[in-house]
Amino acid sequence: MTAKLSDAEIETALAGVPGWTRNGDGIDRQYKFGDFTHAFAFMTRVALLAEKADHHPEWSNVWNKVDVRLTTHDAGGLSKKDFSLARAIDADE
């Protein structure tokens, strides 16, 4: 089982992922693209990152926007996995 981060650890980790905001037991970010094709291509790349990390986002896509939420269900909140995937997603943006 993955360890849940403390509030202090979460605040420190948030500093390393600009653009992400804490929302309850997860972190959220919205990405905007020029059109649907670019948004969907981004989702495809992130799907490959998520599969490799064995950590999958909660997300939605409406035309040029992709809303991403990361949380670790088996930890009951945020873990290092969420921040690691957030950094990988941002590096791919």
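Definitions and cut-offs
Residues numbered from 1 in each chain as written. Predicted model: local features only at pLDDT ≥ 70, side-chain atom pairs only at ≥ 80, totals over all residues. Heavy atoms only, no water. Buried < 20%, exposed > 50% of the residue type's maximum accessible area, 1.4 Å probe, protein only. Helix = DSSP H or I, 4+ residues; strand = E, 2+ residues; numbered from the N terminus. Pairing = 2+ DSSP bridges. Salt bridge = Lys/Arg side-chain N within 4 Å of Asp/Glu carboxyl O. Phe/Tyr/Trp six-rings, centres within 6.5 Å; stacked < 30°, edge-to-face > 60°. Patch = residues over 30% accessible without salt bridge, like charges linked within 9 Å, V, L, I, M, F, W, Y side chains within 5 Å. Areas by Shrake-Rupley, 256 points an atom, 1.4 Å probe, with all protein chains shown as cover. Core = buried A, V, L, I, M, F, W, Y, C linked by side-chain atoms within 4.5 Å. Axes fitted to C-alpha atoms, helices over the stretch in contact; angles between N-to-C directions. Contact = heavy atoms within 4.5 Å.

S.K.: Which parts of the structure should I look at to understand the pairing of strand β2 (residues 26-32)?
M.R.: Regular strands have side chains that alternate between both faces of the sheet. By the criterion of burial, β2 is predominantly enclosed, with five of the seven residues buried. In this sheet, β2 lies alongside strand β1 (residues 21-23) in antiparallel orientation, the contact comprising three bridges. Its bridge partner lying in β2, Asn23 is registered against Gly26. A loop of two residues connects β1 with β2, the two strands running antiparallel in sequence, and Gly24 in this loop sits at a positive phi of about 65°. The pairing of β2 with strand β4 (residues 65-70) spans six bridges and is classified as antiparallel. Within the sheet, the bridge partner assigned to Lys32 lies in β4 and is Lys65.

S.K.: Can you walk me through the pattern of salt bridges in this structure?
M.R.: Overall, the coordinates contain seven salt bridges when judged by the stated rule. The partner of Arg29 in a salt bridge is Asp90, and the shortest N-O contact between them spans 2.7 Å. Of this pair, Arg29 sits in strand β2 while Asp90 sits in helix α3 (residues 80-92), placing them 61 residues apart in sequence. In this structure, the salt-bridge partner of Arg69 is Glu58, at a minimum N-O distance of 3.6 Å. With a gap of eleven residues between them, Arg69 in strand β4 and Glu58 in strand β3 (residues 58-62) connect regions that are remote in the sequence. With a relative accessible area of 32%, Glu58 lands in the partly exposed category.

S.K.: I tried to follow the packing of aromatic side chains on my own but got confused; where do I start?
M.R.: Describing an aromatic ring pair means giving the distance of the ring centres and the angle of the ring planes. In this structure the tally under the stated criterion is four aromatic pairs. With 4.9 Å between their ring centres and 40° between their planes, Phe33 and Phe42 make a pair best called tilted. Looking at Phe42, the relative accessible area reads 0%, which means it is buried. An aromatic cluster is present here, built from Trp20, Tyr31, Phe33 and Phe42 joined pairwise through their rings.

S.K.: Just to check I follow, could you spell out a nonpolar patch on the surface for this structure?
M.R.: Among the surface-exposed residues, Phe36, Phe40, Val62 and Trp63 lie close enough to one another that they form a single nonpolar patch of about 460 Å² accessible area. Structurally, Trp63 can be placed in the loop between β3 and β4.

S.K.: I tried to follow the nonpolar core on my own but got confused; where do I start?
M.R.: It is characteristic of soluble globular proteins that their nonpolar side chains tend to be buried jointly. Membership of the largest hydrophobic core comes to 22 residues, with the highest contact counts inside it found for Trp20, Ile27, Leu70, Phe83 and Ile89. Among the elements of the structure, α1 (7-14), β2, α2 (36-53), β4 and α3 are those that each provide at least two residues to this core. Considering every element that reaches this core, the biggest residue donor is α2, with five residues.

S.K.: Please clarify how the sheet that holds β4 should be interpreted in this entry.
M.R.: Hydrogen bonds along the backbone pair up the strands of a sheet, which may run parallel or antiparallel. If you walk across this open sheet you meet the four strands as β1-β2-β4-β3, and the pairing is antiparallel. The open sheet terminates on both sides in strands that have one partner only, identified here as β1 and β3. In this sheet, adjacent strand axes meet at a mean angle of 25° when their direction is disregarded. Its contacts with the sheet put α2 on β2, β3 and β4, and the angle it makes with β3 is roughly 165°.

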